[in-house]
Amino acid sequence: MANSLPTEFDVIVMGTGLPESILAAACSRSGQRVLHLDSRSYYGGNWASFSFPGLLSWLKEHQQNSDTGEESPAAWQDMIHETEEAIPLCKKDETIQHAEVFCYASQGMDGNIVELGALQKNPSCVASSTLIKPLDSACLSEETHSSHITSYEVPTQDTPKNNEEITDTAETSVKEEYCGYDTYKHTVSDGTKDEIKPVLEDNSVPPKRKRIAYSQIVKEGRRFNIDLSSKLLYSQGLLIDLLIKSNVSRYAEFKNVTRILAFREGKVEQVPCSRADVFNSKELTMVEKRMLMKFLTFCLDYEQHPEEYQAFTQCSFSEYLKTKNLTPSLQHFILHSIAMMSESSCTTVDGLKATKTFLQCLGRFGNTPFLFPLYGQGEIPQCFCRMCAVFGGIYCLRHKVQCLVVDRESGRCKAIIDHLGQRINAKYFIVEDSYLSEETRSSVQYKQISRAVLITDQSVLKTDSDQQISILIVPPVEPGAHAVRIIELCSSTMTCMKDTYLVHLTCSSSKTAREDLESVVKKLFTPYSETEVDKEELPKPGLLWALYFNMRDSSGVSRSSYNGLPPNVYVCTGPDCGLGSEHAVKQAETLFHEIFPSEEFCPPPPNPEDIFFDGDEKPSEPLGTNNIVMAKLESSEGSKNLESSGKHLQN
């Protein structure tokens with residue numbers, strides 16, 4: 001229980017986002033006593049993943065959070081001594097703004113819909129519980145199929161007037177106290193076994209487009225795992241290396257992104273990445289294939305040939321590409337789909353570096369440079385939380401912190417006071433940016449990220465296989481605007497139900513998310529209510545449901561921007577707008593070395609056979625051998641999972 005928490009720790013971490021979770025795992029692995037708290041009822045913060053009804057509950061919580069005033073402060077002032085002062089923390093999450101929901105799917109004919117997987121109130125088993133609500137009808141009336149939903153009351157509109165009790169069907173199966181990660185995964189995976197196998201149809205009759213109702217989305221809500229922050233993992237990136245090195249990869253599974261797409265002249269095309277793709281491509285002429293291979297070969301070791309680009313260091317990458325005798329289509333592919341840069345903001349050196357990174361990541365786990373974790377990006381912070389718990393870390397969700405207690409003489413933070421009035425002491429404090437008060441953040445200038453989450457009925461580029469994981473960069477139309485990154489996920493990623501796709505759109509904000517992204521959505525998708533489902537061929541996929549919101553980007557904020565921050569309080573930022581998670585890993589490693597300069601960051605776990613407890617006799621070594629433990633990362637379980645999957649995908 002929270003009121004029986006120990007009062008002495010080495011490190012207290014507030015927030016369970018990716019950098020905080022990595023730091024907590026690294027501190028716990030180095031032998032520190034770690035207390036990891038989160039005021040939310042779920043792991044991950046803005047890095048989290050939700051089921052569909054869970055996402056609706058999250059939206060409702062944010063709306064209520066913004067509509068209601070701050071709660072009256074508890075009597076924590078009496079716990080501050082004369083030689084101390086308090087730094088109050090923020091009482092509500094202000095990182096999400098301008099959330100707008102649109103539903104285009106029809107109501108459906110089901111009378112009783114069971115909604116699964118909404119957010120739980122039990123902090124010790126958030127993901128393992130199941131919230132079951134009997135619903136009278138699909139959640140939207142005929143008049144509101146395509147209307148703007150402002151209240152986020154989609155599930156509750158169908159709830160009967162009599163108050164039903166919430167049943168916790170999975171609480172007894174929770175075996176790990178700090179979270180219900182395993183139970184949640186098994187619940188989803190077991191459900192997929194019950195899928196009805198498709199009936200073979202006559203090939204002479206073209207299949208008709210399936211009609212999907214909103215009631216089906218609600219009923220299959222547990223099959224969705226919707227990321228708040230849309231990212232991929234570079235196969236040679238820092239996060240993959242850290243997962244393998246620390247053996248945290250054993251807690252997660254990954255799938256290879258199957259294709260890179262480009263949007264050019266109003267059409268979506270597949271971009272050839274590997275050498276085999278280039279020479280098998282029907283979109284490129286033989287001359288273009290040779291030109292592309294020659295330029296990509298140069299990019300792999302461009303540092304060895306500075307004379308090729310030194311004169312263009314002050315130019316943009318797009319201008320440099322025009323000097324390389326590349327056709328306009330090749331320039332477009334390289335700039336937007338390989339380097340994944342915009343025309344105006346990318347310098348020549350940045351473009352060459354991004355292209356080299358892309359090429360170096362090819363071939364390790366498949367024919368593209370990217371991996372995606374099954375069940376969504378929210379699994380990665382939970383994996384590091386599990387590692388922290390394995391090495392003794394203590395976790396508590398729904399645990400708010402009212403203030404930091406600072407010693408006036410030394411200026412260092414001594415303790416925190418939680419919402420229960422308990423004072424907990426520690427040497428070091430790690431705080432997520434959103435926990436800091438407005439007074440502390442008054443000098444900070446934040447950027448914003450525009451996000452959209454779509455549920456569609458078809459892929460943006462249909463192929464023989466319906467299980468494609470794609471990334472697409474849509475270049476800006478107007479000068480100075482931002483490119484839009486699109487990640488399309490199929491049902492085999494365990495992020496959406498069968499016969500649907502989950503589409504994430506991301507760009508840097510210039511306006512609200514809807515204003516930034518709606519034009520791109522209209523180019524690629526057609527609202528489902530406007531489609532004629534009986535048609536055999538439709539030019540665009542049908543849009544069933546859409547969510548737009550703006551998320552705070554605190555990645556570029558320096559420590560000096562915060563007011564009155566004690567030297568032993570370290571701030572972690574939220575998700576940035578980049579495709580990978582390199583910034584979070586770099587930040588976690590940098591802060592760890594600032595706190596513990598002599599400790600190794602997330603070393604490999606010890607071999608169980610080499611662990612000796614007090615009183616155990618160390619086995620004698622045979623003559624002629626040395627008692628040396630060889631730690632081979634490639635032989636670890638997590639590395640086997642990743643490497644074996646890579647070999648399988650390459651074959």
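The rules behind each value
Residues numbered from 1 in each chain as written. Predicted model: local features only at pLDDT ≥ 70, side-chain atom pairs only at ≥ 80, totals over all residues. Heavy atoms only, no water. Core = buried A, V, L, I, M, F, W, Y, C linked by side-chain atoms within 4.5 Å. Buried < 20%, exposed > 50% of the residue type's maximum accessible area, 1.4 Å probe, protein only. Contact = heavy atoms within 4.5 Å. Helix = DSSP H or I, 4+ residues; strand = E, 2+ residues; numbered from the N terminus. Polar contact = N/O pair within 3.5 Å; in protein donor to acceptor, adjacent residues only side chain to side chain. Expected span 1.5 Å × (residues − 1). Pairing = 2+ DSSP bridges. Axes fitted to C-alpha atoms, helices over the stretch in contact; angles between N-to-C directions. Phe/Tyr/Trp six-rings, centres within 6.5 Å; stacked < 30°, edge-to-face > 60°. Parallel < 35°, antiparallel > 145°, perpendicular 65-115°, else oblique. Nonpolar A, V, L, I, M, F, W, Y, C, P; charged D, E, K, R; others polar. 1 Å grid on protein atoms, 1.4 Å probe; cavity = no way out; pocket = protein on both sides within 12 Å on 5 of 7 lines; lining within 4 Å. Points joined across faces, edges and corners; volume = space filled by probe spheres on them. pLDDT = per-residue confidence, 0-100.

Chemist: When you look at the nonpolar core in this model, what are you seeing that I'm missing?
Modeler: Soluble, globular proteins show a tendency: their nonpolar side chains are buried together. One finds Phe52, Phe295, Phe317, Phe370, Leu505 and Trp545 to be the most contacted residues of the largest nonpolar core, which totals 101 residues. Aside from chain neighbours lying at most four places away, what touches Trp545 is Phe52, Leu55, Leu56, Val101, Phe102, Cys103, Tyr104, Tyr214, Val453, Leu454 and Ile455.

Chemist: Sorry, what's going on with the side chain of Arg441 here?
Modeler: Tracing the backbone shows Arg441 in the loop between strand S19 (428-432) and strand S20 (447-456). A polar contact of 3.4 Å, which involves the side chain of Arg441, links it to the side chain of Glu94. Setting aside anything within four residues of it in sequence, one finds Arg441 in contact with Cys90, Glu94, Asp433, Leu436, Tyr446, Arg552 and Tyr562.

Chemist: In this structure, what is going on with helix H1 (residues 18-29)? I would like to understand it.
Modeler: Given 3.6 residues per helical turn, the α-helix brings residues three or four places apart onto the same face. Compared with the 16 Å implied by 1.5 Å per residue over twelve residues, the 16 Å span of H1 between its first and last C-alpha is a close match. Of all twelve residues making up H1, twelve are buried, and the element is well covered by its neighbours. Of the positions making up H1, those classed as buried are Leu18, Pro19, Glu20, Ser21, Ile22, Leu23, Ala24, Ala25, Ala26, Cys27, Ser28 and Arg29. Once H1 finishes, Gly31 follows within two positions and takes phi at roughly 95°, a positive value.

Chemist: Sorry if this is basic, but what is going on with the sheet that holds strand S2 (residues 34-37) here?
Modeler: Each strand in a sheet pairs with its neighbour through backbone hydrogen bonds, running either in the same direction (parallel) or in the opposite one (antiparallel). One open sheet holds the five strands; their spatial order is S15-S2-S1-S19-S26, and the pairing between them is parallel. For this open sheet the edge positions go to strand S15 (394-396) and strand S26 (569-572), each flanked by a neighbour on one side alone. Going across the sheet, the axis of each strand differs from the next one's by a mean of 15°, ignoring polarity. Across the face of the sheet, helix H11 (residues 379-390) comes into contact with S2 and S15 while running at roughly 130° to S15. Of the strands in this sheet, S19 and S26 are in contact with helix H13 (residues 582-595), which crosses S26 at around 175°.

Chemist: Looking at this structure, I do not really get the packing of aromatic side chains. What am I missing?
Modeler: Given two aromatic rings, their pairing is described by the distance between the two centres and the angle made by the two planes. Scanning the entire structure with this criterion turns up 18 aromatic pairs. Ring centres 6.1 Å apart and planes at 50° place the aromatic pair Phe295 and Phe298 in the tilted group. Of this pair, Phe295 and Phe298 both sit in helix H7 (residues 286-300), three residues apart, roughly one helical turn. Geometrically, the ring pair formed by Tyr302 and Tyr309 is edge-to-face, given 5.6 Å between the ring centres and 65° between the ring planes. On the basis of relative accessibility, which here comes to 8%, the residue Tyr309 falls in the buried class. Through a chain of ring-to-ring contacts, three or more aromatic side chains come together here, namely Tyr42, Phe50, Trp58 and Phe549.

Chemist: Would you mind going over the packing of helix H9 (residues 328-338) against helix H10 (residues 348-361) with me for this structure?
Modeler: In a packed pair of helices, the relevant descriptors are the angle between the two axes and the axis-to-axis distance. As a packed pair, H9 and H10 sit with axes 10 Å apart at the nearest point and diverge in direction by 75°. As summarised for this structure, H9 and H10 are arranged roughly perpendicular, according to the angle between their axes. Between H9, through Ile334, Ser337 and Ile338, and H10, the contact on the second element is made entirely by Ala354, Thr355 and Phe358. Residue composition of the contact of H9 with H10, by class: four nonpolar, two polar and no charged.

Chemist: Mind showing me how you'd approach the layout of surface pockets here?
Modeler: By rolling a water-sized probe across the atoms, one finds the places where empty space is left. Size it by volume and the second largest pocket reaches roughly 1,300 Å³. Of all the secondary-structure elements, those providing two or more residues to the lining of the second largest pocket are H10, S20, strand S22 (484-489), strand S23 (501-508) and H13. Here the element with the most residues in the lining of the second largest pocket is H10; it accounts for five residues. Of the residues in the lining of the second largest pocket, the class split is 17 nonpolar, 13 polar and eight charged.

Chemist: I'm lost on the environment of Lys427 in this one. Help?
Modeler: Locating Lys427 in the fold gives a position in the loop between strand S18 (423-425) and S19. Along the backbone, Lys427 and Lys414 are 13 residues apart, and their C-alpha atoms lie at a distance of 6.7 Å. When near neighbours in sequence (up to four residues on either side) are disregarded, Lys427 contacts Phe9, Asp10, Arg412 and Asn568.

Chemist: Where do I start with the confidence of the model for the protein chain in this structure?
Modeler: Keep in mind that low pLDDT regions are not for reading the predicted coordinates in detail. On average, the protein chain scores 79 in pLDDT, and the residues at 70 or more come to 74%. pLDDT under 50 marks residues 69-73. Its contacts with residues more than four places away, or in other chains, come to six contacts. Segment residues 621-651 is flagged for pLDDT under 50; beyond a separation of four residues in sequence, or across chains, it makes 41 contacts in the model.

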